[in-house]
Amino acid sequence: MNFLEEKILADGKVYPGNVLKVDNFINHQVDIDIMRQAACEFKRRYKGVHIDKVLTIESSGISIAVMLANMYDVPVVFAKKGETVNCTDDKYMSQAYSFTHKKMNSIFVSRPYLKKGERILIVDDFLADGRAARALIDIVKQAGGEIMGLGMLIEKGQQKGGADLRSEGYRVESIAIIDSMDYESQRIIFRDCNI
């Protein structure tokens, strides 16, 4: 069992509807030690892979993206959800469905921040159906970048996102893959990845 699986078992809560609540250490309050360990693990798994930028989606992916980009000494770019008064029309756009919020989000990255030929590592907190990951992949493709991999803190292995992305040839590295979880018993079963 790895550090993230141990933390999920200690502090995570299963809610009805296949929801894993980890807001006390990942997506509301951030446990810096867990993020540091996760960044080290991604760096180990992508050893020898040249990265120009780390890309994520706001907001929960930002903490791991910053920690990892610091290790590579490269910029972090995060796709924003929705329009702001200071955004330009010069942007790459895609659509990402939020499993947690049950709604479609328009996401965008301003064009100057992703360039043709850049090698991009996509990271995020969760991978379920893969819709956020696909939206980020779409944005990288629009920019003419190269996707070097997708690093996910937690993958819901009982959902199809990770399997579909891997079958399409994407390198997906997930630190914790959940094969099943049960609200009534609060039981969480992790996939044995032996990595």
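Please refer to the structure placed before this passage.
The rules behind the values
Residues numbered from 1 in each chain as written. Predicted model: local features only at pLDDT ≥ 70, side-chain atom pairs only at ≥ 80, totals over all residues. Heavy atoms only, no water. Helix = DSSP H or I, 4+ residues; strand = E, 2+ residues; numbered from the N terminus. Buried < 20%, exposed > 50% of the residue type's maximum accessible area, 1.4 Å probe, protein only. Contact = heavy atoms within 4.5 Å. Lys, Arg positive; Asp, Glu negative; His and termini not counted. Salt bridge = Lys/Arg side-chain N within 4 Å of Asp/Glu carboxyl O. Polar contact = N/O pair within 3.5 Å; in protein donor to acceptor, adjacent residues only side chain to side chain.

Attention now goes to the side chain of Ser-60. Relative to the helices and strands, Ser-60 resides in the loop between β3 (53-57) and α4 (62-72). You can call Ser-60 buried: its relative accessible area is 18%. Apart from the residues lying within four places of it in its own chain, the contact partners of Ser-60 are Asn-27 and Asp-125.

Tracing the chain through its elements places Gln-142 in helix α5 (residues 131-143). As a C-alpha pair, Gln-142 and Gly-162 span 20 residues in sequence and 22 Å in three-dimensional space.

Further remarks concern the side chain of Asp-125. Here Asp-125 lies in strand β7 (residues 119-127). Summary of buried charges: Asp-125 has no salt-bridge partner, and the nearest side chain of opposite charge, Lys-81, is 8.1 Å away. At 3.3 Å, the side chain of Asp-125 and the side chain of Asn-27 are in polar contact. Dropping the residues within four chain positions of it, Asp-125 is found in contact with Ile-26, Asn-27, Ser-60, Gly-61, Leu-153 and Ile-154.

Another aspect to go through is the pattern of salt bridges. Here the structure, examined in full by the defined rule, presents 14 salt bridges. In this structure, Arg-36 and Asp-33 form a salt bridge, with 3.6 Å as the shortest nitrogen-oxygen distance. Highlighted residues: Arg-36 and Asp-33, both in helix α3 (residues 32-45), separated by three residues, approximately one helical turn. The class of Arg-36 is partly exposed, set by a relative accessible area of 43%. The salt bridge involving Arg-171 is made with Glu-173; its shortest N-O contact spans 3.3 Å.

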